[in-house]
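Working through the structure, step by step
Chain by chain, the residues run as shown.
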Amino acid sequence: MDVRRTAMVSSTVRDLAEHRDAVLQACLEVGVFPRMMEHLPASDAEAVCVSTEMVDQSELYIGVFAHRYGYVPPGATRSVTEMEYERAVQRCIPRLIFLMSDDYRGLRASDVETGAGAERLKALKSRLQTERVVRYFTSPEDLRANVVEALVKYMATAERTPSGSPAGSSDLNVSSLDSPRRLTPLDGHPVLAPPGGPPRLFTGGVHVSFTLAHNGEGKHSINLHAMELEAVRFTSGLRPEYAYELEGTSLIGAGIARPHVFTVMVFGNRVMPARWVIDSKLGTFREAKSANFFDTDDPRILTFPADGADIEEIKGTVMACEQGLYELRFVFHYSVAGVDRQRASEVAHVYSDE
């Protein structure tokens, strides 16, 4: 049965109308259905929900980036365009990235953003070039040709499943941070729900826990060799609307039998090496030597055999050590049959006024 592939086409709209049409034509040329938000006004309150749903309904993501950061909804810290990319990262679907070349001609002054938007765009582009292999385009026609080539290569090797991995293949299951009690507050610290802000804003830091397991499909073992905490964004300074007071010392946290327990401190965008608890009664710890939590003196790799029911529990505490608003996520790096993969958690929001 022929199953039509679908791709989310993400970019700013008003400055890239010709380019989005070029991507549309490229998709149709190779038999991929493009999902696009051409008729939704930038100010529409449903923009974020609709766009992320479109990413969820797509097999792959096509991102086109020029010189505008895009619309930032009231109370948000990221543009809709960046939220779409972040959603694709969370789903671990293939991401094809195209950046406007510095040699591009014919730019209008209105096509180039300045001020805070320009700084956010610079940071986003830096992240894109770090996480993915990007392609550069010099015209709408050049973009169309690049997209066609990338899609043909993708379709030659990809097997379609909603999760972005081959049907019936081995993969790593990671519990969602949206699940109940996976994110819990520090002792005595309130959880805020500021108007126009994230639905849950943890103060001072956050307790986090994950359950990791083989998905029970395929015949390959899984080797988890790296786990990192990434500061997606940090906005420094006190925010009066997020003011809070400590409420006491009630213990709140998810109880886990024989978990791997860590603590990690974050100073703005700088994540310190994680410390693993070896024996809490004796006060012994093991510290990672790099951003990889597992990079200790005795490097650890968690293995999940295909024919076993092994479940690993990881839990720990993230401490925010500088005033400001943090957006944090965990990234798991693992391999299946010699192929490296990665999976990212949902973003956790933390605010500290200390």
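So, a few notes on the structure that sits alongside this text.

Cut-offs and rules
Residues numbered from 1 in each chain as written. Predicted model: local features only at pLDDT ≥ 70, side-chain atom pairs only at ≥ 80, totals over all residues. Heavy atoms only, no water. Salt bridge = Lys/Arg side-chain N within 4 Å of Asp/Glu carboxyl O. Helix = DSSP H or I, 4+ residues; strand = E, 2+ residues; numbered from the N terminus. Buried < 20%, exposed > 50% of the residue type's maximum accessible area, 1.4 Å probe, protein only. Pairing = 2+ DSSP bridges. Expected span 1.5 Å × (residues − 1). Arc of directions from axis to C-beta.

In total, this model carries 19 salt bridges according to the counting rule given. We note a salt bridge from Glu 131 to Arg 127, for which the minimum N-O separation is 2.9 Å. Placement of both Glu 131 and Arg 127 in helix 4 (residues 116-131) is noted, with a separation of 4 residues, approximately one turn of the helix. The exposure class assigned to Glu 131 is partly exposed, which follows from its relative accessible area of 22%. Salt-bridge contacts for Asp 171 lead to Arg 343; the nearest nitrogen and oxygen are separated by 3.0 Å. Taken together, the positions of Asp 171 in the loop between helix 5 (140-157) and strand 6 (172-174) and Arg 343 in strand 19 (residues 339-344) put the pair 172 residues apart, joining distant regions of the chain. Here Asp 171 matches Arg 343 in class, with each residue buried. When salt bridges that share partners are traced, they join Glu 86, Arg 127, Glu 131, Glu 230 and Arg 329 into one network.

For strand 18 (residues 324-336), the tally of buried residues reaches 13 of 13 residues, placing the bulk of the element in the interior. Pairing of strand 11 (residues 222-236) with strand 18, which is carried by 13 bridges, proceeds in the antiparallel orientation. Its bridge partner lying in strand 18, Asn 223 is registered against Ser 335. Bridging between strand 18 and strand 20 (residues 348-352) involves 5 bridges; their strand directions are antiparallel. Residue pairing in the sheet places Leu 328 in a bridge with Ala 348 of strand 20. Bridging between strand 18 and strand 19 involves 6 bridges; their strand directions are antiparallel.

Right, let's talk about the environment of Gly 188 for a bit. For Gly 188, the location among the structural elements is in the loop between strand 7 (183-184) and strand 8 (191-192). Exposure remark for Gly 188: the relative accessible area of 4% places this residue in the buried category.

So, about helix 1 (residues 17-30). With 14 residues, helix 1 should cover 20 Å at 1.5 Å per step; its first-to-last C-alpha distance of 21 Å lies within 8% of that length. Buried within helix 1 are the following residues: His 19, Arg 20, Ala 22, Val 23, Ala 26, Cys 27 and Val 30. All buried residues of helix 1 fall inside an arc of 155° around its axis, so they share one side. Exposed side chains of helix 1 directed beyond 90 degrees from the buried face belong to Glu 18 and Glu 29. One or two positions beyond helix 1, positive phi appears at Gly 31, with a value near 85°.

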